[in-house]
Amino acid sequence: MYKMSQYLRSLSSLNKEEMVNFLSSFDTVLTDGDGVLWYWQTSMKDSINVINRFKELGKKVFLVSNNCVNTVDQYVMKCEAAGLNLTRDEIIIPSIVAASHLKDQNFSKKAYVLATPAFKEMLKADGIVCSDDVGPDYEVQIGNVQEEIMKMDRDVGAVVIDFDNNINYIKMTKALFHLKRPNCLFVAGAKDLVVPIHKDLNLIGPGHFVSNLEQLSGRKAVITGKPSTLIKDFISKRHPINPERTLMIGDLLSSDIKLGTNCGFQTLLVLSGASTLEEAKNDSTNLPHYYINSLGDLLPLLPSV
């Protein structure tokens, strides 16, 4: 078992005995995808091989991503194409956690969803009815704004927001109108402020829009992506998790490492993505236990099978 006093240890600096102790300290691995295993469609050198080696060593592996551009089945195909064999039950994304949360609330109305088509598809697959009236994805002339906003679906009982590359004024305003009703549920997928595309290119993340709706409505969204502990609860329905024997691997302090902190997991920060080592040193609330330049750098340090 690792010692809670050990933080920011470089995995590359561990000696053979320390590496053996590290590998024997966890049974379950949760790994982020973007910035850790791949950038968009390009796999990062040897990162997939490290995860496969963990599986060969008997570790249970879950891909835990805040990226809902893909459905679970599309993630399965993406993993297969990259050489990583994961089942549907081993892929955890906010859309399926959101659907599970709504079902736990005995939700039976329509959901007003600002998210990707894949996110909506996963909600529908789990029996959640999505409203067809979520505002236009096209330009609206100023004189028609009021008319568009007043097209309200009165059967909406939840606002669900995640990454929507067609987000706009009308969609956000209609979401706010729904949230003014106290019995309307408020659910968000990821609250990431950035979405990594390449090492030096980040898109604006959904967190900015979630925060705007929270501030304007005076309500807090239930977060179903990292770093919410709902992730751990959801996985626990599929696989027993001992937090102290679980390793969370990620590149973002505010979501990946914070998830580990919130759940009591061991944490490994990879520096191939969004967060830097300097940022980690200055973030006492999300201090990772270990770090490494890239996940692929761990491969030569792992025992063969």
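See the structure shown above.
Residues numbered from 1 in each chain as written. Predicted model: local features only at pLDDT ≥ 70, side-chain atom pairs only at ≥ 80, totals over all residues. Heavy atoms only, no water.

Novice: How would you explain the packing of aromatic side chains if you had to name every residue and give the values?
Specialist: According to the stated counting rule, one finds 3 aromatic pairs in the structure shown. A network of ring pairs unites the aromatic residues Phe-22, Phe-26, Phe-54 and Tyr-290 as a single cluster. Directly above the ring of Phe-26 sits Lys-59, whose terminal nitrogen or CZ lies 4.7 Å from the centroid. (Phe/Tyr/Trp six-rings, centres within 6.5 Å; stacked < 30°, edge-to-face > 60°. Lys NZ or Arg CZ within 6 Å of the ring centre and 35° of its normal.)

Novice: I'd like a rundown of the pairing of strand S7 (residues 110–114), residues and numbers included.
Specialist: Counting buried positions along S7 gives 4 out of 5 residues, so the element sits mostly inside the fold. The β-α-β motif built from S7, the intervening helix H5 (residues 117–125) and the parallel element strand S8 (residues 129–130) has right-handed crossover chirality. The sheet contact formed by S7 and strand S9 (residues 156–161) spans 5 bridges and is parallel. Its bridge partner lying in S9, Val-113 is registered against Val-160. (Buried < 20%, exposed > 50% of the residue type's maximum accessible area, 1.4 Å probe, protein only. Helix = DSSP H or I, 4+ residues; strand = E, 2+ residues; numbered from the N terminus. Right-handed = clockwise from strand over helix to strand, strands pointing away. Pairing = 2+ DSSP bridges.)

Novice: Lay out the pattern of salt bridges in plain terms, naming residues and giving numbers.
Specialist: Evaluation of the coordinates by the stated rule reveals 18 salt bridges. Note that Lys-110 is salt-bridged to Asp-153, the shortest N-O span being 3.3 Å. Of this pair, Lys-110 sits in strand S7 while Asp-153 sits in the loop between helix H6 (145–149) and S9, placing them 43 residues apart in sequence. Classification of Lys-110 as partly exposed rests on a relative accessible area of 26%. (Salt bridge = Lys/Arg side-chain N within 4 Å of Asp/Glu carboxyl O.)

Novice: Outline the packing of helix H4 (residues 94–104) against H5, listing residues and values.
Specialist: It is at 9 Å that the axes of H4 and H5 come closest, and there the two elements cross at 35 degrees. As for how H4 packs across H5, the hand of that crossing is right-handed. Touching Pro-94, Ser-95, Ile-96, Ala-98 and Ala-99 of H4 are Phe-119, Met-122 and Leu-123, all from H5. Its residues assigned to classes, the contact of H4 with H5 shows 7 nonpolar, 1 polar and no charged. (Axes fitted to C-alpha atoms, helices over the stretch in contact; angles between N-to-C directions. Left-handed = near helix turned anticlockwise from the far one by under 90°. Contact = heavy atoms within 4.5 Å. Nonpolar A, V, L, I, M, F, W, Y, C, P; charged D, E, K, R; others polar.)

Novice: Lay out the sheet that holds S8 in plain terms, naming residues and giving numbers.
Specialist: The parallel open sheet is built from 5 strands, whose spatial order is S8-S7-S9-S10-S13. Each edge of the open sheet carries a strand with a single partner, namely S8 and strand S13 (222–223). As paired elements, strand S10 (residues 185–188) and S13 share 2 bridges and run parallel to each other. Counted as the bridge partner of Val-187 is Val-222 from S13. Packed onto the sheet, helix H7 (residues 169–179) meets S7, S9 and S10 and runs at close to 145 degrees relative to S7.

Novice: I'd like to hear about the nonpolar core, residue by residue, with values.
Specialist: Within the largest apolar cluster, 64 residues are counted, with the highest numbers of intra-cluster contacts made by Phe-22, Leu-37, Phe-54, Ile-249, Leu-295 and Leu-298. It is H4 that contributes the most residues to this core, 5 residues altogether. Dropping the residues within four chain positions of it, Ile-249 is found in contact with Val-29, Leu-30, Thr-31, Asp-32, Val-36, Ile-51, Phe-54, Leu-268, Val-270 and Leu-295. In this structure, Val-159, Leu-176, Val-210 and Ile-223 belong to the second largest nonpolar core, which totals 17 residues. (Core = buried A, V, L, I, M, F, W, Y, C linked by side-chain atoms within 4.5 Å.)

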